[in-house]
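Geometric and topological summary
Each chain, written out:
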Amino acid sequence: MKIISTQGLTHLYSKGTPFEVAAIRDISVDIEEGALVGIIGATGSGKSTFIQHLNGILKPEAGKVYLEGRDIWEDKKSIRETRFKVGLCFQYPEYQLFEETVYKDISFGPRNMKLPQDEIDRRVRTAADYVGLGEEALGKSPFDLSGGEKRRAAIAGVMAMEPKVLILDEPTAGLDPSGRRKILKLIADYRVRTGSTVILVSHSMEDVAALATSVILMHRSSVVMQGTVEEVFTQGGLLKSMGLNVPQVTEIFEGLRARGLPVSDRIFTIEQGLDELLRFYGKEAVR
Ligand SMILES: Nc1ncnc2c1ncn2[C@@H]1O[C@H](COP(=O)(O)OP(=O)(O)OP(=O)(O)O)[C@@H](O)[C@H]1O
Ligand SMILES: [Mg+2]
């Protein structure tokens, strides 16, 4: 079942001025309930602008956004519900932490939803647990956390609203490899545990290949392709022409094939690469 679909979505910044720019143009996509959708595209291609339409932060110049079949701009009640059902975590969300304690920060969304106190408490603790922040972190000032912890606290704040759709804009940007791994794992685990739909904007082809069930490819304000990881990452030439790349492991296997080794051209993750090498050398996959 489709949880979100857009039809002909177009957005103009600085409308009516000499600086007018169509940041997204005529975007029509369907997002299936429970999917993990990766959005890729070069810088400035319109990814952030697009996702900000899905929970009504931005209003389209033309076109529609449907959430569970209903136009989100139908009336005031509908847009308010949308903001609770579709949780959006911005690029560098830790800049928005501002409360005295991590607990208060994570509870900001649920408090806005006017939930009873015990339900707020349950949600804060569940979300903190999802992102691996323990009891001791909840009492701290968000400014005393490490970079990776701050990022996770900010993500927990969105998760605590228990949105049906969780959107993350570049959640691993600027983190070290261990911080990145933690975030990717928590996103994958969160989806499995809650059955939520997740939309992940990322510059990392590796992360998208490892996590996504489908991929949206954006280029110069438009969606040029929506397909499976395999469908999109077998289009190496197209991706390169748009300033993108295939995952590094895919490129390594391309190199091996170019040298005449009969290895698969469907390798998109390190695990697949490992299995393929073990197969190639005739060994059983022992891990
Ligand atoms: N607030 C704004 N006012 C005017 N133009 C904007 C604004 N935000 C974005 N733009 C322009 O809209 C286009 C799309 O920007 P957007 O931020 O959506 O791209 P993006 O794909 O998210 O890029 P990045 O990968 O760098 O985050 C760009 O040309 C950008 O310069
Ligand atoms: Mg962006």
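Scroll up to find the structure.
Residues numbered from 1 in each chain as written. Chains lettered and ligands numbered in written order. Predicted model: local features only at pLDDT ≥ 70, side-chain atom pairs only at ≥ 80, totals over all residues.

1. Comments concerning the overall build of the protein
The number of helices and strands found in the protein is 12 helices and 11 strands. Relative to a compact globule of 287 residues, whose C-alpha radius of gyration would be 19 Å, the protein shows 20 Å and is just as compact. Seen along its three principal axes, the alpha-carbon backbone of the protein occupies a region of about 65 × 50 × 35 Å. Evaluated residue by residue, the protein yields a buried proportion of 39% over its 287 residues. By sequence separation, contacts in the protein at least 24 residues apart represent 65% of the contacts at least 6 residues apart. (Helix = DSSP H or I, 4+ residues; strand = E, 2+ residues; numbered from the N terminus. Rg over C-alpha atoms; globule rule 2.2 N^0.38 Å. Buried ≥ 20, exposed ≤ 12 C-beta atoms within 10 Å, placed from the backbone. Contact = placed C-beta atoms within 7 Å.)

2. Looking at the site of ligand 1
All residues adjacent to ligand 1 are Tyr-13, Ser-14, Val-21, Ala-23, Gly-41, Thr-43, Gly-44, Ser-45, Gly-46, Lys-47, Ser-48 and Thr-49. Counting only elements with at least two residues in the shell around ligand 1, the list comes to β2 (21–27) and α1 (47–54). Among the elements that take part in the shell around ligand 1, α1 stands out by supplying 3 residues, more than any other. Considering only residue class, the shell around ligand 1 consists of 3 nonpolar, 8 polar and 1 charged. (Near = placed C-beta within 6 Å. Nonpolar A, V, L, I, M, F, W, Y, C, P; charged D, E, K, R; others polar.)

3. Examining the nonpolar core
Across soluble globular proteins, you tend to see nonpolar side chains buried next to one another. Among the nonpolar cores identified, the biggest contains 70 residues, and Ile-106, Ala-156, Ile-167, Ile-199 and Leu-200 are the most heavily contacted of them. Of the residues forming this core, the biggest block, 6 residues, is contributed by helix α6 (residues 147–159). (Core = buried A, V, L, I, M, F, W, Y, C linked by C-beta atoms within 7 Å.)

4. Let's talk about the packing of helix α3 (residues 102–112) against α6
Working note: a packed helix pair is described by the angle between its axes plus the distance between those axes. Packing of α3 against α6 leaves a shortest axis separation of 6 Å and a crossing angle of 35°. Between α3 and α6 lies a crossing whose hand is right-handed. Residues Val-102, Asp-105, Ile-106, Phe-108 and Gly-109 of α3 lie in contact with α6, whose contacting residues are Ala-153, Ala-156, Gly-157 and Val-158. (Axes fitted to C-alpha atoms, helices over the stretch in contact; angles between N-to-C directions. Left-handed = near helix turned anticlockwise from the far one by under 90°.)

5. A look at helix α4 (residues 117–130)
Across its 14 residues, α4 extends 20 Å between first and last C-alpha, which sits within 8% of the 20 Å expected from 1.5 Å per residue. What α4 keeps buried is the set Ile-120, Arg-123, Val-124, Ala-127 and Ala-128. Buried residues of α4, viewed axially, fall in a sector of 130°; they line one side. Turned more than 90 degrees away from the buried face of α4, the exposed residues are Asp-118 and Glu-119. Contact partners of the buried residues in α4: α3, α5 (135–138) and α6. (Expected span 1.5 Å × (residues − 1). Arc of directions from axis to C-beta.)

6. So, the sheet that holds strand β11 (residues 222–227)
Remark on secondary structure: sheet strands pair via backbone hydrogen bonds, oriented parallel or antiparallel. Strand order in the open sheet formed by 6 strands is β7-β8-β9-β4-β10-β11, with mixed pairing between adjacent strands. Strands at the two margins of the open sheet, each flanked by one partner only, are β7 (86–89) and β11. Between one strand axis and the next, the sheet turns through 15° on average, direction left out of account. With 5 bridges joining them, strand β8 (residues 165–169) and strand β9 (residues 197–201) adopt parallel strand pairing. Across the sheet, residue Leu-166 finds its bridge partner in β9, namely Val-198. (Pairing = 2+ DSSP bridges.)

7. As for the pairing of strand β4 (residues 36–41)
Burial analysis of β4 places 6 of its 6 residues in the buried class, the great majority of the element. Residues of β4 alternate between two faces, with Leu-36, Gly-38 and Ile-40 on one and Val-37, Ile-39 and Gly-41 on the opposite face, all of them buried. Bridge count between β4 and β9: 4 bridges; the pairing is parallel. Paired with Gly-38 across the bridge in β9 is Leu-200. Here 5 bridges tie β4 to strand β10 (residues 214–219), and the two strands are oriented parallel to one another. Bridge pairing in β10 places Val-37 opposite Ser-214.

8. Notes on unusual backbone geometry
A positive phi angle is found at Ser-14, which is not glycine, with a value near 50°. Topologically, Ser-14 is positioned in the loop between β1 (2–13) and β2.

9. Side note on α6
For α6, spanning 13 residues, the distance from its first C-alpha to its last is 19 Å, which sits close to the expected 18 Å at 1.5 Å a residue. Of all 13 residues in α6, 12 are buried, a share of seventy percent or more. By the burial criterion, the buried members of α6 are Gly-148, Glu-149, Lys-150, Arg-151, Arg-152, Ala-153, Ala-154, Ile-155, Ala-156, Gly-157, Val-158 and Met-159. For α6, the elements touching its buried residues are β7, α3, α4, α5, β8 and α7 (177–194).

10. Some words on the packing of α6 against α7
It is at 10 Å that the axes of α6 and α7 come closest, and there the two elements cross at 20°. Classified by the interaxial angle, the pair formed by α6 and α7 is roughly parallel. Considering how the two elements wind past one another, α6 and α7 form a crossing that is right-handed. Of α7, the residues touching α6 (which contributes Gly-147, Gly-148, Arg-151, Arg-152 and Met-159) are Gly-179, Lys-182, Ile-183 and Tyr-190. (Parallel < 35°, antiparallel > 145°, perpendicular 65-115°, else oblique.)

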